[in-house]
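Understanding the architecture of this molecule
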2 protein chains.
Amino acid sequence: MDKNAPIGVFDSGVGGLTVAREIMRQLPEERIVYFGDTARLPYGSKSRRTVIRFSEQIIRFLRTKDVKAIVIACNTASSFALEEVRKEVDIPIIGVINAGARAAVGATKNGKIGIIGTEGTIASGTYADTIRNMKPGVEVFGKACPLFVPLVEEGLLHDTVTDEIASRYLSVLKEKYIDTLVLGCTHYPLLRSTLARTMGADVALVNPAYETAVQLKTLLRSMEMNCDAGQNLSQGEKYQFFVSDMAEKFRAFATSILPEEVKETIQINIEEY
Amino acid sequence: MDKNAPIGVFDSGVGGLTVAREIMRQLPEERIVYFGDTARLPYGSKSRRTVIRFSEQIIRFLRTKDVKAIVIACNTASSFALEEVRKEVDIPIIGVINAGARAAVGATKNGKIGIIGTEGTIASGTYADTIRNMKPGVEVFGKACPLFVPLVEEGLLHDTVTDEIASRYLSVLKEKYIDTLVLGCTHYPLLRSTLARTMGADVALVNPAYETAVQLKTLLRSMEMNCDAGQNLSQGEKYQFFVSDMAEKFRAFATSILPEEVKETIQINIEEY
C-alpha cells in the first residue's frame with residue numbers, strides 16, 4: 001500500500017464536499033479523489049438495498065484510482081452501507097456516523113441527544129444504535145427532516161420559510177429537552193444559524209464532517225499511512241473530482257465552498273462499475 | 001402488432017400515476033405496464049444526456065413486456081428525451097408536452113401562457129418551442145419551481161408554507177398577465193387549489209395528464225389499435241407496476257390515488273437494461 005496514494009471520498013452529490021473541505025483543512029498533505037453520484041441523488045429517500053448497491057459501485061470505481069482509504073461522506077450511505085461494504089474491502093473505510101456519535105456522547109450533559117437527518121438515516125437507527133453502544137443509558141431522539149435538503153439547494157439558508165419548517169421539525173426534539181443535536185446530513189451545517197436559533201443557545205450542535213476528518217487523521221497516523229509532506233503537487237494532481245452527472249454545475253459549486261478553484265470535474269458512467 | 005397488448009407508461013417515480021389514472025378513466029379497456037424509476041428519481045434536476053440514457057433503458061425494459069405504445073408520463077423526460085428516443089423506436093411514443101401545449105394554445109385568449117415545471121423542463125424550452133410552433137406570436141413565460149415536488153411529497157398540499165412558496169414562484173408570471181398556466185410537472189395537479197388561489201380565477205390551469213390521455217385515445221383509434229372490449233382481465237393482468245426501488249411504498253401510494261387497490265409492485269434493476 002502506497003502511503004502517498006489518495007483518499008477516496010464519496011457522497012450522493014455535493015454535500016460530502018463539506019467533509020472533503022475538513023479533510024483539506026485538517027490534513028493538508030493528503031490527496032483526495034472525490035465522487036458525487038449526481039445522476040442518482042438523493043440517497044435519503046431510497047432503500048437500504050439500493051443505497052448498498054450504489055455504494056458498492058462507487059467503491060469499485062474508487063479502487064480503480066488506487067485509494068488507500070475510503071470515507072463515506074454521506075450520512076445515509078454510512079447508515080445503510082458501511083457495515084456491509086466493510087466486509088468486502090481490504091482497505092480502511094470509515095463513515096460519518098461514528099465520529100458524529102462520539103462527539104455527541106462527549107458533548108451531552110443531560111444524556112438526551114437529538115439526531116436530524118434524511119428519512120433513510122433516521123429510519124436505519126444507526127446513529128441511535130452507535131450512541132447507545134458507546135454510552136448505554138443515553139436517550140436518543142431521531143427526526144427526519146426531508147425538506148431541509150431542497151431548501152438548502154434552493155438557497156433559502158436564511159429565510160422565514162426555512163425558519164418555519166425548522167420550527168415544525170425541531171419542536172418534537174425541544175419537547176424532549178435534548179442538550180445536543182447531531183446535524184446528521186451533510187447539507188445541514190449550511191443551516192447552522194437557523195438551527196442554533198431554533199434550538200436555543202443551550203443546545204450543542206455537532207457537525208459530523210468536522211469530527212470525521214479528526215477520526216481520519218487519527219486513523220492515518222495510527223497506521224503510519226500519512227502522505228509525505230512537501231510533495232508540491234498541482235491542484236489537479238492533488239484533488240480529483242468525479243461525478244455521474246452535471247459536471248459543470250458540480251465544479252462551480254465545489255469552487256464556491258472549497259478553498260481553491262476546482263478546475264476540472266469529470267463525468268463517468270457509474271452504472272458500469 | 002397485437003391490439004390487445006398493453007400500453008407502456010413511465011415516469012421518474014409516482015407522479016406519472018396521474019397520467020395512468022387518466023388513461024384508466026378515459027380508456028378503461030386498455031392494459032397498462034407502468035414503470036417508476038424510484039431508484040434514480042428525481043429527473044428534474046438532472047442533465048439532458050442522463051435523462052435520455054435513463055429513458056432509453058426504461059424503453060428497453062418496456063419493450064420486453066411487448067407494449068404496443070409508450071407514454072412518457074414525465075414532463076422532464078418528455079422535454080429532454082422524446083425526440084431522441086422516437087428515432088429508435090418503431091411503436092408510437094408520446095409525451096405529455098404536446099398535449100399540454102395544445103390545450104394551453106386552445107385556452108389562452110390574450111396569448112400569454114405561463115409554464116411551471118422542474119429546472120430541466122423549463123431549461124429545455126420544449127414547452128415554449130412547441131407552443132410557438134403551434135401558434136406563432138403567443139408569448140410563453142417559464143418558471144422552474146423546484147420546491148413544489150418536495151412540498152407535495154411532504155404532504156403539505158394545503159399549508160401556509162406552500163402558499164408562501166407558490167406566491168414567490170408565481171409572482172413573476174402574474175406580472176406578465178398570463179391567462180393560462182400549464183402545470184408542467186406531474187406532481188403539480190395535487191397543488192391545484194393553491195395554484196388556482198394564487199393565480200386568481202381568471203387564469204386557466206392546464207393539466208397535461210388529462211390532455212395526454214385524450215391524445216392517446218385519438219392515436220389508438222386512428223391506428224385501429226384499441227383493445228377489444230370485454231376481456232374480463234383480473235386487475236393484476238390488466239395493470240402491472242414495476243419500480244427500481246421502494247416497491248411497497250410505491251404500491252401504497254398507487255393504491256391511494258388509483259381507483260382500485262394495487263396488489264403487487266415488482267422491483268427490477270433498471271441498470272441492467
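Now for a look at the structure at hand. (Residues numbered from 1 in each chain as written. Chains lettered and ligands numbered in written order. Predicted model: local features only at pLDDT ≥ 70, side-chain atom pairs only at ≥ 80, totals over all residues. Heavy atoms only, no water.)

Details of the overall build of chain A
The secondary structure content of chain A amounts to 12 helices and 10 strands. Its C-alpha atoms give chain A a radius of gyration of 18 Å, within 12% of the compact-globule value 19 Å for 273 residues. Dimensions along the principal axes, computed over C-alpha positions, put chain A at roughly 50 × 40 × 35 Å. Looking at the 273 residues of chain A, the share that counts as buried comes to 59%. (Helix = DSSP H or I, 4+ residues; strand = E, 2+ residues; numbered from the N terminus. Rg over C-alpha atoms; globule rule 2.2 N^0.38 Å. Buried < 20%, exposed > 50% of the residue type's maximum accessible area, 1.4 Å probe, protein only.)

Quick notes on the interface of chain B and chain A
Of the residues lining the interface, 34 residues belong to chain B; the matching set on chain A comes to 34 residues. A buried area of about 2,500 Å², summed over both sides, lies between chain B and chain A, and 46% of it is on carbon and sulfur atoms. For the chain B face of the interface with chain A, the top three residues by lost area are Leu-147, Glu-154 and Glu-271 of chain B, together amounting to 20%. Across the chain B-chain A interface, the total number found is 6 salt bridges. Notably, a salt bridge pairs Arg-168 of chain A with Asp-159 of chain B, separated by 2.8 Å at the nearest N-O pair. The tally of links from chain B across to chain A stands at 20 residue pairs in polar contact (both at pLDDT 80 or more). For the side of chain B that touches chain A, the secondary-structure elements that each account for two or more residues are helix H2 (48–63), helix H7 (148–153) and helix H8 (160–174) of chain B. (Contact = heavy atoms within 4.5 Å. Buried area = accessible area lost by both parts, 1.4 Å probe. Salt bridge = Lys/Arg side-chain N within 4 Å of Asp/Glu carboxyl O. Polar contact = N/O pair within 3.5 Å; in protein donor to acceptor, adjacent residues only side chain to side chain.)

As for unusual backbone geometry
Residue Pro-42 of chain A is reached from Leu-41 of chain A by a cis peptide bond, and omega for that bond is -5 degrees. Within the element layout of this structure, Pro-42 of chain A appears in the loop between strand S2 (32–36) and helix H2 (48–63). Positive phi, close to 55 degrees, is recorded for Glu-224 of chain B, a residue that is not glycine. Structurally, the position occupied by Glu-224 of chain B is in the loop between helix H10 (208–222) and helix H11 (235–238). Positive phi is not limited to glycine here, since Asn-232 of chain B has a value of about 50 degrees.

Details of the side chain of Thr-198 of chain B
Checked against the element boundaries, Thr-198 of chain B lands in helix H9 (residues 192–199). Excluding anything up to four places from it in sequence, Thr-198 of chain B contacts Ala-166, Ser-167, Leu-170 and Lys-174 of chain B.

Quick word on the environment of Arg-40 of chain B
Checked against the element boundaries, Arg-40 of chain B lands in the loop between strand S2 (32–36) and H2. Looking at Arg-40 of chain B, its side chain comes within polar contact range of the side chain of Glu-271 of chain A, at 2.7 Å.

Description of the environment of Pro-28 of chain A
For Pro-28 of chain A, the location among the structural elements is in the loop between helix H1 (17–26) and S2. The spacing of Pro-28 of chain A and Ser-256 of chain A is 228 residues in sequence and 19 Å in space, taken between C-alpha atoms.

Considering the relation of the copies chain B and chain A
For these two chains of identical sequence, chain B goes onto chain A by a turn of 180 degrees and a shift of 0.0 Å along the axis, with RMSD 0.0 Å. Here the transformation between the copies is reduced to the relation of a two-fold axis. For chain B, the minimum C-alpha distance to the rotation axis belongs to Arg-40 of chain B and amounts to 2.2 Å. When the interface residues of chain B are mapped onto chain A, 100% of them are again interface residues, pointing to one common binding face. (Least-squares fit on C-alpha atoms with pLDDT ≥ 70 in both.)

Let's talk about the sheet that holds strand S7 (residues 180–184) of chain B
All names here are of chain B. The parallel open sheet is built from 4 strands, whose spatial order is S6-S5-S7-S8. Edge strands, defined here as strands with exactly one partner in the open sheet, are strand S6 (139–144) and strand S8 (204–206). On average, adjacent strands in this sheet sit at an angle of 20 degrees to one another, irrespective of strand direction. Judged from the 5 bridges that link them, strand S5 (residues 112–117) and S7 form a sheet pairing that is parallel. Bridge pairing links Ile-115 to Val-182 in S7. Running at roughly 145 degrees to S8, H9 makes contact with S5, S7 and S8 of the sheet. (Pairing = 2+ DSSP bridges. Axes fitted to C-alpha atoms, helices over the stretch in contact; angles between N-to-C directions.)

Examining the layout of surface pockets
Residues and elements named next belong to chain A. Roughly 280 Å³ of internal volume is contained in the second largest pocket. Considering the residues around the second largest pocket, the lining is formed by 16 residues, among which Ser-78, Leu-82, Glu-83, Thr-126 and Thr-130 are closest to the centre. Listing elements by their share of the lining of the second largest pocket, those giving two or more residues are helix H3 (75–86), helix H4 (97–107) and helix H6 (126–134). When residues of the lining of the second largest pocket are assigned to their parent elements, the largest contribution, 8 residues, is made by H3. (1 Å grid on protein atoms, 1.4 Å probe; cavity = no way out; pocket = protein on both sides within 12 Å on 5 of 7 lines; lining within 4 Å. Points joined across faces, edges and corners; volume = space filled by probe spheres on them.)

Structural notes on the pairing of strand S1 (residues 7–11) of chain A
Residues and elements named next belong to chain A. Burial within S1 is extensive, with 5 of its 5 residues counted as buried. Here S1 shows a buried face lined by Ile-7, Val-9 and Asp-11 and a second buried face lined by Gly-8 and Phe-10. Relative to S2, S1 runs parallel, the two being bridged by 5 bridges. Looking at S2, one finds that Ile-7 is bridged to Ile-32. At this point the chain moves from S1, through H1, to the parallel S2, and the crossover so formed is right-handed. (Right-handed = clockwise from strand over helix to strand, strands pointing away.)

Any functional reading would require information beyond the geometric quantities listed.
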